[in-house]
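Summary of structural features
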Amino acid sequence: MNGHKTNEIGMNETYRPLVYIISAPSGSGKSTLVNELLKLVPNLDFSVSFTTRAPRGSEQNGKQYHFVPREEFERMIRDDEFLEHACFDGNYYGTARRFLEETGQKGHDLLLDIDVQGAQQMKRKLPEAISIFVLPPDRKTLEWRLRKRSEDAEDVIHRRLVTASREIENYDKYDYILINDDLEESIESLQAIVLSERLLRSKSSPSAEGKSAERNEIVQLADRHRLANIRDRVEPILASFGAPPASARP
Ligand code: ADP
Ligand code: 5GP
C-alpha cells in the first residue's frame, strides 16, 4: 500500500481537481473565451489536447495543441494514454490521461476544450465534471465568425457549419449554456460559472465565510446560465440552424 487512494478513473488522488468541460460549434468563440478566462482565473490549467490535424494560423505546437502524426496518435490509443478521444472532421483529437493527474498534483483545476462526443465520454468517466456549451447567437453570426477568422478553406467552413447544426442539438446534455453574443458579457459569465462552482465546493470551509454579497452575485450570474434557466433563449438559436423545436425532438 502506498497510502494513495485511487479514484474511478485509476488515478492517484491528491487534490481532486474540478474538471470543466467546454464545447461549442467551431467558430462560436470558444477559444477567445477560454484565452480570456485563463488570464482571469488563477489555478486553472488548460488541457492541451493531442490532434492529428495540421496547425492553423499562428497555432504553435504544445500551446493550442500537441500536433502529432496519425501513427503516434494511434499508438497512444493502444497504450491507453487518453482519458477520451474522438474523431472530428477526419482528424483525431484526444485528452491525455496524465494532464488530470498533473493538475491534481499541483492543486489546480482543469479546463477541457473538447467536442460533444468527448464531453459525453468524460461525463461517463467523471460524472461530477462541470459542462458548459457555448452557442453563437444564430447561424448567420456563426458563419460570419468562421469567415472573419479566415483560417479555414471554404470547404472546411461549409463542413463546420453542417457539423454545427448537428452539434447544437446536444446542448441539453450540458450543465450550463453560454450564448456568446457580447464578448465582455460572455467572459464575465464564464468566469462566474467557474468561480461559482468553486464556491459551491468550498461552501463548508470557514475561509469561504464573509464577502457574501460578492459571492451571491457570482452564484446568481452563474445560475442564469444553468440549462433549466436558459432553455427558452436557446430555441430561436436552434431554429436559425433549422433544428426542430424541443417539443418535436425525442
Ligand atoms: P472557436 O474557438 O469557437 O472556433 P474563435 O474563438 O476562433 O472560435 O472565434 C471565431 C471568430 O469570432 C474569431 O475571429 C473571434 O475573434 C470572433 N469572436 C469570438 N467571440 C466573439 C463575439 N462575442 N463577438 C464577435 N466576434 C467574436
Ligand atoms: P478545432 O480543429 O477547431 O481546433 O477543433 C475541432 C473540435 O475538436 C472542437 O469542437 C474542439 O473542442 C474539439 N477538440 C479539441 N480537442 C479535443 C479533445 O482532446 N478531445 C475531443 N473529443 N475533442 C477535442
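See above for the structure.
Residues numbered from 1 in each chain as written. Chains lettered and ligands numbered in written order. Predicted model: local features only at pLDDT ≥ 70, side-chain atom pairs only at ≥ 80, totals over all residues. Heavy atoms only, no water.

1. Structural notes on the packing of helix H7 (residues 183-201) against helix H8 (residues 212-223)
If you want to describe how two helices pack, look at the angle between their axes and the distance between the axes. The interhelical angle for the contact between H7 and H8, taken along N-to-C directions, is 115 degrees, at an axis separation of 8 Å. Our classification of the angle between H7 and H8 gives roughly perpendicular. The chirality of how H7 crosses H8 is left-handed. Judged by residue contacts, Glu188, Ser189, Ala192, Ile193, Leu195, Ser196 and Leu199 of H7 engage Arg215, Ile218, Val219, Leu221 and Ala222 from H8. Tallied by class, the residues present in the contact of H7 with H8 amount to eight nonpolar, two polar and two charged. (Axes fitted to C-alpha atoms, helices over the stretch in contact; angles between N-to-C directions. Helix = DSSP H or I, 4+ residues; strand = E, 2+ residues; numbered from the N terminus. Parallel < 35°, antiparallel > 145°, perpendicular 65-115°, else oblique. Left-handed = near helix turned anticlockwise from the far one by under 90°. Contact = heavy atoms within 4.5 Å. Nonpolar A, V, L, I, M, F, W, Y, C, P; charged D, E, K, R; others polar.)

2. Some points on the layout of surface pockets
The gaps left among the atoms become clear once a water-sized probe is rolled over them. Roughly 1100 Å³ of volume is contained in the largest pocket. Put simply, the parts of the chain that give the lining of the largest pocket at least two residues each are helix H1 (30-40), strand S5 (82-88), strand S6 (91-96), helix H5 (139-149) and helix H6 (154-168). The dominant element in the lining of the largest pocket, judged by the number of residues it contributes, is H1, at six residues. Of the residues belonging to the lining of the largest pocket, the class tally is 11 nonpolar, 13 polar and 15 charged. (1 Å grid on protein atoms, 1.4 Å probe; cavity = no way out; pocket = protein on both sides within 12 Å on 5 of 7 lines; lining within 4 Å. Points joined across faces, edges and corners; volume = space filled by probe spheres on them.)

3. Overview of the site of ligand 2
Looking at ligand 2, there are 18 residues lining it, with Lys30, Arg53, Tyr65, Tyr93 and Asp113 nearest. Gly94 places a main-chain nitrogen or oxygen 3.1 Å from an oxygen atom of ligand 2. Taken together, the elements giving at least two residues each to the shell around ligand 2 come down to S5 and S6. Partitioning the shell around ligand 2 into residue classes produces six nonpolar, five polar and seven charged. (Near = heavy atom within 4 Å. Polar contact = N/O pair within 3.5 Å; in protein donor to acceptor, adjacent residues only side chain to side chain.)

4. Brief notes about the sheet that holds strand S4 (residues 65-67)
Taken in spatial order, the four strands of this open sheet run S4-S3-S6-S5, and their pairing is mixed. Only two strands of the sheet have a single neighbouring strand rather than two, namely S4 and S5. For this sheet, the mean inter-axis angle between neighbouring strands, taken without regard to orientation, is 25 degrees. The pairing of strand S3 (residues 49-51) with S4 spans three bridges and is parallel. Following the sheet pairing, Phe50 is matched in S4 by His66. (Pairing = 2+ DSSP bridges.)

5. Some remarks on the site of ligand 1
The full set close to ligand 1 counts 14 residues, and Gly27, Lys30, Ser31, Thr32 and Arg149 are the nearest of them. Side-chain polar atom of Asn180 to a nitrogen atom of ligand 1: 2.8 Å apart, as the coordinates give it. Here ligand 1, which alone exposes 570 Å², has 81% of that area covered by the protein. Applying the majority rule of atoms within 2 Å of the grid points places ligand 1 in the largest pocket. Breaking the shell around ligand 1 down by element, the ones donating at least two residues are H1 and H5. Classifying every residue of the shell around ligand 1 gives two nonpolar, seven polar and five charged. (Areas by Shrake-Rupley, 256 points an atom, 1.4 Å probe, with all protein chains shown as cover. Sits in = over half its atoms within 2 Å of the grid points.)

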